[in-house]
Amino acid sequence: MSFVLDQVRRIDAQLDRVQLANLPSATSPGAPKNFATPDEHDLQPSARIVALQTSIRGLTPSGSNHRALLRPEQIQVLLSALSHDSQTSKAASEEPRPGKEPYESELEWLVVSKATAQAYGHVLKGILDQTLTIADDLWYWDETVGSRKYSALYALQISPFQFWHWSSSLWEDVKARSSNFNVREAGEDARDTIGQRWQQFYGLVRQVVGERSVAEVQKHVLSPVTRLRGEIRQKQAALKKIQLRHANALGVLLGEGLANESVHGGALATPKGQHRWKGSVARNVALMEAVLAKVNDVSTPVDKFDAAIAQLTNEDAMYGAEIYDLSDLEGGDISIQPQAVAERLARVLAMGLPQYTSSAAALVSQHGKPSRLVRYWLPVTVGVLSSSTILRILVNRQAEIVQWVRELGATIVDFWHNWVVEPTRKVIGTIRHDEGSEVSIMSKRSLEGDRDSLERMVVDFAIDNPADAAGAGSKLTENEIADIRAKIREGDLTPVLKAYERDLASPLMGSLRGNLIRALLIQIQKTKVDVEVAMGGIDSLLKSQELVFGFVGLTPGILVTYFALHYLSSSLTEKRGSKARKQGKMLRQLRNIDRILTNSHPTEYGELFYKDQGLLLCEVHVLRQAAEKAMPSQIF
């Protein structure tokens with residue numbers, strides 16, 4: 001609908017520009033005396049002029065897309081300001097004036113022109129929407145014909161209706177052949193004659209069925225799917241003719257209507273002082289009426305549509321009429337009054353558009369895709385028949401279902417808290433150097449206590465065994481003890497190892513009388529300290545990469561939450577819609593545009609035929625709508 005709104009706004013702006021160019025101001029030196037503004041007659045404008053100005057403001061398209069096009073009923077109400085009844089009712093309360101002011105006449109024409117632009121938008125929108133609907137039906141039939149699965153499904157969908165149609169036609173044939181037979185009379189006859197009459201009835205039924213079977217023997221040679229595809233291709237051919245006729249109508253409206261004149265000049269770019277734009281408005285009203293009358297006429301061939309429109313418009317007096325100024329005619333009259341144009345426009349809105357809508361809907365329903373009743377009766381029937389079983393299962397397992405729902409909700413809450421909220425808090429604490437969020441694999445004071453304990457154990461061992469520590473039996477001095485302490489911090493346990501080596505030569509005696517067990521326990525403590533030193537290195541490495549590990553723990557929860565929310569939003573906002581499908585739709589429209597331009601044959605003036613223009617407009621309109629949904633708003 002964006003294309004239609006753009007055309008209506010452009011035409012309305014062009015009409016305002018032309019009207020302002022043809023309305024000289026009261027202070028301009030070159031203003032004619034007969035073109036007086038209402039202030040020259042009265043300080044206040046008349047009620048008639050106020051009503052016309054109100055209608056003009058009401059017919060001006062608004063900035064909102066939803067209110068740019070008025071409803072046809074609103075346009076007719078605003079056009080009623082030009083009716084003769086309105087004039088007479090206004091004239092009863094006003095003083096009589098010698099004649100209609102040129103300013104008032106210009107306002108009347110401006111009301112008619114703006115109403116014509118609105119009606120032009122409605123006609124364009126109606127034909128464009130109907131053409132797009134036909135294109136969707138053609139796409140549906142293409143998918144059905146191109147797949148045996150879809151063809152079989154369609155055959156299943158229409159099977160009850162085909163059986164009903166066959167039974168109805170069979171019954172009508174039987175009634176036509178047995179005009180004297182009546183079922184009610186059969187019950188009223190004697191018992192001995194009832195069997196004979198029913199036997200006669202069944203004989204007629206068998207005869208009709210046999211004749212129909214012989215008549216349709218050629219059809220039964222083909223498979224049911226092949227016969228069904230033949231029927232679908234017939235529907236496709238009929239729809240393509242309707243689509244081409246609608247596309248031709250769009251091309252005529254674009255090539256000869258207000259849209260063409262607003263873009264390429266013409267009557268809407270008339271210089272000041274001329275009134276050709278009024279004739280253009282009248283011609284477009286006649287053109288819209290002719291297009292609406294012929295677009296759904298199946299008796300008109302597609303290649304003769306332009307000639308049929310030309311014949312109707314040539315026979316219409318309003319289409320070829322010219323509008324002149326009062327000063328240009330000696331009789332002081334205008335060839336066509338704005339009231340006459342308004343009456344024709346009201347007839348288009350009141351009769352032309354509704355008749356077109358109803359006839360187009362009838363044609364599409366006859367050849368288009370089947371109704372929703374035909375397409376969905378099977379799943380609806382299965383659902384209705386199985387509803388009692390499903391309801392019984394739900395009632396019997398109500399407690400289990402409630403428990404599943406509660407567990408699902410608790411799982412979602414725990415996942416959110418444990419895998420999103422808590423890792424986020426830890427990452428924030430790491431950034432702020434919070435001690436409670438530090439990554440550690442061992443306690444802070446564990447290594448220092450074990451190292452001091454090892455140092456005391458080795459020093460006590462050296463004091464008790466000075467021969468292993470200093471090589472002499474005398475008591476160790478403070479300097480020797482300090483030297484042993486320094487070696488212990490570097491990992492040197494020489495006094496303990498010497499005693500361990502000596503007692504290991506005789507393990508039994510060393511265990512009973514020597515220091516073998518004590519040396520062994522000291523070495524176990526030394527191993528514990530070495531392990532804690534290694535763990536301390538790993539702990540330091542983890543602390544240096546603490547922020548990285550925090551984000552690693554947060555990433556799974558964030559990813560799962562993001563994809564779940566994205567899936568839910570895409571499922572709720574657009575049915576099976578995705579970026580790939582949107583891009584595929586845009587690519588298909590671009591291919592259709594390229595196909596139309598490649599297969600089209602220009603006229604002798606180098607222009608496309610109206611049919612190709614209409615088809616091109618439909619494809620560009622769909623491409624624009626798809627691009628608006630797929631592309632960011634800043635780019636589009």
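Residues numbered from 1 in each chain as written. Predicted model: local features only at pLDDT ≥ 70, side-chain atom pairs only at ≥ 80, totals over all residues. Heavy atoms only, no water.

In the nomenclature of an unreviewed UniProt entry, the protein chain is known as Nuclear control of ATPase protein 2 of Hortaea werneckii. According to its UniProt record, the protein chain has this under Subcellular location (unreviewed entry): "Mitochondrion membrane". (UniProt positions renumbered as here; feature names shortened; annotations may be inferred.)

Quick look at the overall build of the protein chain now. A count of helices and strands for the protein chain gives 26 helices and 0 strands. For the protein chain, with 636 residues in total, the buried portion stands at 36%. Restricting the contact set of the protein chain to residue pairs at least 6 apart, pairs at least 24 apart contribute 77%. Total accessible area on the protein chain is roughly 38900 Å²; 58% of this is exposed by carbon and sulfur atoms. (Helix = DSSP H or I, 4+ residues; strand = E, 2+ residues; numbered from the N terminus. Buried < 20%, exposed > 50% of the residue type's maximum accessible area, 1.4 Å probe, protein only. Contact = heavy atoms within 4.5 Å. Areas by Shrake-Rupley, 256 points an atom, 1.4 Å probe, with all protein chains shown as cover.)

Here the focus is the packing of aromatic side chains. Applying the stated criterion to the full structure yields 3 aromatic pairs. Between Tyr140 and Trp141, the aromatic rings sit 5.3 Å apart at their centres with planes inclined by 65°, giving edge-to-face as the arrangement. With a centroid separation of 5.3 Å and an interplanar angle of 85°, the aromatic rings of Trp141 and Tyr154 are classed as edge-to-face. Remark: Tyr154 occurs in helix H6 (residues 148-177) and Trp141 occurs in helix H5 (residues 102-146); sequence separation between them is 13 residues. In terms of burial, Trp141 and Tyr154 fall into one category: buried. By the ring-pair criterion, three or more aromatic residues cluster together here, those being Tyr140, Trp141 and Tyr154. Lying across the ring of Trp139, Arg588 places its NZ or CZ 4.5 Å from the centre. (Phe/Tyr/Trp six-rings, centres within 6.5 Å; stacked < 30°, edge-to-face > 60°. Lys NZ or Arg CZ within 6 Å of the ring centre and 35° of its normal.)

Further remarks concern helix H18 (residues 446-464). When the terminal C-alpha atoms of H18 are compared, their 27 Å separation across 19 residues agrees well with the 27 Å that a helix rising 1.5 Å per residue should span. If you check which residues of H18 are buried, you get Leu447, Asp450, Leu454, Glu455, Val458, Val459, Phe461 and Ala462. Mapping the buried residues of H18 onto a view down its axis gives an arc of 165°, with all of them on the same face. (Expected span 1.5 Å × (residues − 1). Arc of directions from axis to C-beta.)

A cluster of nonpolar side chains, Ile517, Leu520, Leu521 and Ile524, forms an exposed patch at the surface whose accessible area comes to about 380 Å². Checked against the element boundaries, Ile524 lands in helix H23 (residues 516-544). (Patch = residues over 30% accessible without salt bridge, like charges linked within 9 Å, V, L, I, M, F, W, Y side chains within 5 Å. Salt bridge = Lys/Arg side-chain N within 4 Å of Asp/Glu carboxyl O.)

The positions that UniProt labels "transmembrane region" (unreviewed entry) are, in the present scheme, residues 547-568. Secondary structure over residues 547-568 splits into 100% helix and 0% strand, and the C-alpha atoms at its two ends are 31 Å apart.

Take the packing of helix H10 (residues 224-256) against helix H13 (residues 305-315) next. H13 packs onto H10 with a crossing angle of 50° between their chain directions and a minimal axis gap of 10 Å. It follows that H10 is oblique to H13 by the angle criterion. The interaxial crossing formed by H10 with H13 has right-handed handedness. In contact with Arg245, Asn248, Ala249 and Val252 of H10, H13 contributes Phe305, Asp306 and Ile309. Grouping the amino acids of the contact of H10 with H13 by side-chain chemistry returns 4 nonpolar, 1 polar and 2 charged. (Axes fitted to C-alpha atoms, helices over the stretch in contact; angles between N-to-C directions. Parallel < 35°, antiparallel > 145°, perpendicular 65-115°, else oblique. Left-handed = near helix turned anticlockwise from the far one by under 90°. Nonpolar A, V, L, I, M, F, W, Y, C, P; charged D, E, K, R; others polar.)

Further remarks concern the nonpolar core. By size, the foremost hydrophobic cluster in this structure holds 66 residues, and its most contacted members are Leu79, Tyr120, Ile127, Leu253, Val291 and Val341. Considering each element in turn, this core owes the most residues, 15 residues, to H5. Look past the residues within four positions of Leu253 in its chain and what remains in contact with it is Tyr120, Val123, Leu124, Ile127, Leu258, Leu287, Met288 and Val291. Listed in part, the 16 residues of the second largest apolar core include Leu447, Phe461, Ile488 and Leu493. (Core = buried A, V, L, I, M, F, W, Y, C linked by side-chain atoms within 4.5 Å.)

Moving on, we get to the side chain of Ser55. Looking at the element boundaries, Ser55 is found in helix H2 (residues 47-59). A relative accessible area of 5% means that Ser55 is categorised as buried. Engagement of the side chain of Ser55 in a polar contact is seen with the backbone oxygen of Leu78, the distance being 3.2 Å. In contact with Ser55, not counting residues within four places along its chain, are Leu78, Ala81 and Val111. (Polar contact = N/O pair within 3.5 Å; in protein donor to acceptor, adjacent residues only side chain to side chain.)

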